[in-house]
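Chain by chain, the residues run as shown.
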Amino acid sequence: MTNPESSAHSRARAKKSTSHQGPGSPSSTPTGTGTTQDAATTAVELAAAPLTSVVIDGVRVELGDLPELVVLDMPQDGIPAVVETQPALARCAAALASGHGPAAVDTERASGFRYGQRAMLVQIRREGAGTWLIDPEAFDDLKIIDESLHGVEWILHAASQDLPCLAGVGMWPSKLFDTELAARLAGLPRVGLGAVVESLLGYHLAKEHSAADWSQRPLPEPWLRYAALDVEVLVDLQEELVALLEKDGKLEYAAQEFQHLIDAGVPAPRVDPWRRTSGSHTIRNRVQLGVVRELWYTREKLAEHRDIAPSRLIPDSAIVAAAKGMPATVPALLGLSGFHGRAAKRDAPKWLHAIQTAKNSTEPPPLQVSTNTPPPPRVWAERDPEAAARYATARQRLSDLAEEINIPGENVLTPDFLRRLCWRPPSSISVESVSAQLSELGARPWQIEKTAELLTDSLLNPEPLPPKEPKAPRSEEAAA
């Protein structure tokens, strides 16, 4: 694509005075924000680069050989007005449909503030259409936007986080490029959006608003600026990542991974989600475990009704403390760890009712549930030494392969697939049977091609486990 002398960093510096001029420059006019020239800040400033080296078109170059990073603090077209009316949404859809090239898409959520993981802002940018910031809370759905982008490639960063909430507003891509996943396959050491943008584009992208409460209305102007910049860099970032992947022969791997994300759809709801309550593994009594269940569902209903994150009512630690303490009165309940604050006190009768319901239940939940998942590998040596040997051998060889092809091990093969294969391999082990089992588990063709032969040999010829070290005898003083 380019050499370091005409690299992304050089192009970034060239854009300093053109592509990202502030709202006070002649070539940029903000819309819908009321920002004045006097209040505008300079769009591009030079900042000390936080990285020691960067990757430029597949070549790692020490930072001392590069110009400073370019700070992006203003979208090149100014800050768009937020779309929150039907006429504005129709204009947005028409503009996006008439644009060309891929569409950069992002969402902002209010995790930790509101119930669920729904999108609180949807950002889209497409060449010829500009950047659009949409308030999904103002509409029943965004299917009109989905239709306007039918057949268009969507560029997202960490798509697995954004796709579920996009599906919640009626949007789903038919083509996809995930810059975070592409960065993993390219072997970049850091794959967060800010780090990848710095490494490949030479921009510093502020991320201080990522954990903000995006349910606020109206959204502050600095947040809107941040949201618009997130999608503004994605098309350039895709170009750089495609060059890296092509250079290493990994572009087809990425295409298969992206298609897998599309085909997999939204993950199904978990069975017994209450069992994931932090600390519930310390419960050793079925009635107490029933209290965990009742309190979890009570908290969930209250949180959904009030549109608030469940943890803001009471934390998981409070649920476990109540299950172990079994309080019968409000003072006893509020004396437990975690039951503090207005929500805990206001809802004390509801918490006590949940505890009493669990006590009176004739069918408390079992402590363990049957599952087809393998046990934790740490116990394999005692339960099935042969499986443990297979797993240790295969894991080490996969680790060596991952290092050789410069792809993280978990991306070379999903760890759960490896555990399942080693715990219960095919009855007749061969490259064909191993490939078939991997395919059934969900491994992509490129993963099977890279790993099937290696895994087959690991299953047939595992290295012996190291001898178990005898436990040191306890001294009399230690025993006392």
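That block above? That's the structure.
These numbers were taken from a predicted model, which means no experiment stands behind them.

Caption draft 1: Here's a closer look at the packing of aromatic side chains. Throughout the structure, instances matching the rule amount to seven aromatic pairs. With a centroid separation of 4.5 Å and an interplanar angle of 10 degrees, the aromatic rings of Y253 and W446 are classed as stacked. One end of the pair, Y253, is in helix α9 (residues 251-264); the other, W446, is in helix α20 (residues 445-460), and 193 residues separate them in sequence. Among the residues examined, Y253 registers a relative accessible area of 15% and is labelled buried. Both rings, one in W296 and one in Y297, keep their centres 5.0 Å apart while their planes meet at 90 degrees; by these two values the pair is edge-to-face. Judged by its relative accessible area of 33%, Y297 is partly exposed. Taken together, the ring pairs connect W214, W223 and Y226 into an aromatic cluster.

Caption draft 2: Geometry of the sheet that holds strand β7 (residues 119-127). An order of β5-β8-β7-β6-β9-β10 is seen for the six strands of this open sheet, with the pairing classed as mixed. Every interior strand has two partners, whereas the edge strands, β5 (82-83) and β10 (175-178), have only one. Pairing geometry for β7 and strand β8 (residues 130-134), over five bridges, is antiparallel. Within β8, the residue paired with R125 across the bridge is T131. Across the sheet, helix α5 (residues 179-186) touches β9 (153-156) and β10, and the angle it forms with β10 is around 55 degrees.

Caption draft 3: View of the pairing of strand β4 (residues 69-72). Side chains L69 and V71 project from β4 onto one buried face, and the interleaved V70 and L72 project onto a second face that is buried too. As defined by bridge partners, β4 adjoins strand β11 (residues 203-205) across three bridges and the pair is classed as parallel. For L72, the partnering residue across the bridge sits in β11 and is L205.

Caption draft 4: Region of the structure containing helix α19 (residues 431-441). For α19, the complete set of buried residues consists of S433, V434, S435, Q437 and L438. Buried residues belonging to α19 abut α18 (415-423) and α20. In the stretch just after α19, G442 is the one whose phi turns positive, near 120 degrees.

Caption draft 5: Geometry of unusual backbone geometry. Backbone torsion omega between R217 and P218 reads -5 degrees, so that peptide bond is classified as cis. Although it is not a glycine, D272 adopts a positive phi angle of roughly 50 degrees. Inspection of the secondary structure puts D272 in the loop between α9 and α10 (286-306). The exposure class assigned to D272 is partly exposed, which follows from its relative accessible area of 29%. For N406, which is not a glycine, the phi torsion comes out positive at approximately 60 degrees. Here N406 shows up in the loop between α16 (385-405) and α17 (409-412). Overall, N406 belongs to the partly exposed group, its relative accessible area being 39%.

Caption draft 6: Summary view of helix α6 (residues 193-201). When you tally the buried positions in α6, you get nine out of nine residues, the bulk of the element. All buried positions along α6 are accounted for by L193, G194, A195, V196, V197, E198, S199, L200 and L201. Following α6 by one or two positions, G202 adopts a phi angle in the positive range, close to 80 degrees.

Caption draft 7: Inspection of the packing of α5 against α9 at higher detail. At a minimum axis distance of 10 Å, the contact between α5 and α9 shows a crossing angle of 145 degrees. Pair α5 / α9 crosses with right-handed handedness. On α9, the residues touching L181, A182 and L185 of α5 are Y253, A254, E257, F258 and L261. Of the residues that constitute the contact of α5 with α9, the class distribution is seven nonpolar, no polar and one charged.

Criteria and cut-off values
Residues numbered from 1 in each chain as written. Predicted model: local features only at pLDDT ≥ 70, side-chain atom pairs only at ≥ 80, totals over all residues. Heavy atoms only, no water. Phe/Tyr/Trp six-rings, centres within 6.5 Å; stacked < 30°, edge-to-face > 60°. Helix = DSSP H or I, 4+ residues; strand = E, 2+ residues; numbered from the N terminus. Buried < 20%, exposed > 50% of the residue type's maximum accessible area, 1.4 Å probe, protein only. Pairing = 2+ DSSP bridges. Contact = heavy atoms within 4.5 Å. Axes fitted to C-alpha atoms, helices over the stretch in contact; angles between N-to-C directions. Left-handed = near helix turned anticlockwise from the far one by under 90°. Nonpolar A, V, L, I, M, F, W, Y, C, P; charged D, E, K, R; others polar.

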